[in-house]
Amino acid sequence: MIAVAGGAGPCPPFTGERTVVPATTTEIVDRLRTQLLEVREQAAEDRTITLALRDAILPEPGGSIDLPHARVAVRYVPAEKAASLGGDWYEAAQLPDGRMLLAIGDVSGHGLPAIAQMAQLRHALVGLTMTGESPDRLLAWLNELVLSRLDETTATVIIGRFDPATRVFTWAQAGHLSPILVRDGVARQLQPPQGMVLGAAPGPRYNVAEILLHPDDLLLMFTDGLVERRSRDIDEGLALTLGAAETISGHDDLDPGLDRLLDALGGPNPEDDTCLLAVGVLDG
């Protein structure tokens, strides 16, 4: 054995491994800070993409929409917060002939499949309204679409048209909860015309109903997530909704009124999507 000068003893055998120098606390903190910034940047990018897709699928998911003869307020609260969307949807727009399209719907299921089916159904309706056909005919076409293109899917829908010239609201429904009309501080649920859930059977019959709306009337269209909870039955939820709707004083009170209504029902439903479309009829 060869001794090392200076009496240090024999050299250790060479193993080919490098000695790892432990990182200092400062280096660890810097590395974690860099990783955190990268995660935040990725989350912000994902959020931007999600919002862009949401706007393409369902514009204006909250707030107010001012139309020539009505003021519309919307509350849209999906159960799955990450996607900012769910199977519920709505539409409120002026048609080329001057009438207003008012629609709301609920696709069965949750997650991305329900969002994709909701988008197809809503966009199909927007296109079909350009035909000028009545709400019952539009529902018949949507039923054919669901049966032929959206496998194992069902959906409930209300399609209505408000004619400012006559103040008549004409509507049809496919298994959906009827709108609530608030007039002179009294709320009541409208009697529904005949209509079967979309996707349940081929060739169902859809009827239409008409009601004359007055200036300052309030029309509430909503999905079942508003009134249904595990802790109570639907009749109790409807009774609470009717009572809270009577506190909305008019179209100028729509936004705060909807917030009060949701609070009276216990807040947004954590287990199901909730969509609420409130239409305040203007004078003139």
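Coordinates for the structure precede this section.
Below, the structure is looked at part by part. (Residues numbered from 1 in each chain as written. Predicted model: local features only at pLDDT ≥ 70, side-chain atom pairs only at ≥ 80, totals over all residues. Heavy atoms only, no water.)

Quick notes on empty space enclosed by the protein
Move 1: Tallied over the entire structure, the rule returns 1 cavity of 30 Å³ or more.
Move 2: Here the largest cavity is characterised by a volume of approximately 50 Å³.
Move 3: If you go around the largest cavity, you meet 10 residues; those closest to its centre are Glu80, Leu85, Gly86, Gly111 and Asp273.
Move 4: Per-class residue counts for the lining of the largest cavity are 5 nonpolar, 3 polar and 2 charged. (1 Å grid on protein atoms, 1.4 Å probe; cavity = no way out; pocket = protein on both sides within 12 Å on 5 of 7 lines; lining within 4 Å. Points joined across faces, edges and corners; volume = space filled by probe spheres on them. Nonpolar A, V, L, I, M, F, W, Y, C, P; charged D, E, K, R; others polar.)

Focus: the side chain of Arg71
Move 1: Of note, Arg71 is situated in strand β2 (residues 70-77).
Move 2: Here the side chain of Arg71 touches Asp255 through a polar contact of 3.1 Å, side chain to side chain. (Helix = DSSP H or I, 4+ residues; strand = E, 2+ residues; numbered from the N terminus. Polar contact = N/O pair within 3.5 Å; in protein donor to acceptor, adjacent residues only side chain to side chain.)

Regarding unusual backbone geometry
Move 1: Its identity as a non-glycine residue notwithstanding, Glu152 has a phi of 55°, on the positive side.
Move 2: Assignment of secondary structure puts Glu152 in the loop between α3 (135-149) and β5 (155-163).
Move 3: For Asp216, which is not glycine, the phi torsion reads 75° and is therefore positive.
Move 4: Residue placement: Asp216 occurs in the loop between β9 (209-212) and β10 (218-222).

Description of helix α5 (residues 254-264)
Move 1: Residues Leu254, Asp255, Gly257, Leu258, Leu261 and Leu262 constitute the buried set of α5. Within α5, the buried residues cover an arc of 160° as seen down the axis, which keeps them to one side. (Buried < 20%, exposed > 50% of the residue type's maximum accessible area, 1.4 Å probe, protein only. Arc of directions from axis to C-beta.)

A look at the pattern of salt bridges
Move 1: On inspection of all chains with the given rule, the structure shows 8 salt bridges.
Move 2: With its nearest N and O atoms 3.0 Å apart, the salt bridge here joins Asp259 to Arg75. With Asp259 in helix α5 and Arg75 in strand β2, this residue pair connects regions lying 184 residues apart in the sequence.
Move 3: On the basis of relative accessibility, which here comes to 14%, the residue Arg75 falls in the buried class.
Move 4: Each of Arg71, Arg75, Asp255 and Asp259 takes part in one network of salt bridges that share partners. (Salt bridge = Lys/Arg side-chain N within 4 Å of Asp/Glu carboxyl O.)

Re the sheet that holds β5
Move 1: Taken in spatial order, the 5 strands make up an open sheet running β3-β4-β5-β6-β9, and their pairing is antiparallel. Sheet topology places β3 (88-94) and β9 at the edges, where each strand pairs with a single neighbour. For this sheet the average axis-to-axis angle between neighbouring strands, irrespective of direction, equals 15°.
Move 2: In the sheet, strand β6 (residues 168-174) pairs with β9 via 4 bridges, with the strands oriented antiparallel. (Pairing = 2+ DSSP bridges. Axes fitted to C-alpha atoms, helices over the stretch in contact; angles between N-to-C directions.)

Points about the pairing of β2
Move 1: Counting buried positions over the 8 residues of β2 gives 8, a clear majority of the element.
Move 2: Neither face of β2 is exposed, since Ala70, Val72, Val74 and Tyr76 on one face and Arg71, Ala73, Arg75 and Val77 on the opposite face are all buried.
Move 3: Across 8 bridges, the pairing between β2 and strand β11 (residues 274-281) is antiparallel. Paired with Ala73 across the bridge in β11 is Ala278.

Some remarks on α3
Move 1: Compared with an ideal rise of 1.5 Å per residue, which puts 15 residues at 21 Å, α3 spans 21 Å between its outermost C-alpha atoms and is within 8% of the ideal.
Move 2: When we look at burial in α3, the residues that qualify are Pro135, Leu138, Leu139, Ala140, Leu142, Asn143, Leu145 and Val146.
Move 3: Against α2 (111-128), β5 and β6 lie the buried residues of α3. (Expected span 1.5 Å × (residues − 1). Contact = heavy atoms within 4.5 Å.)

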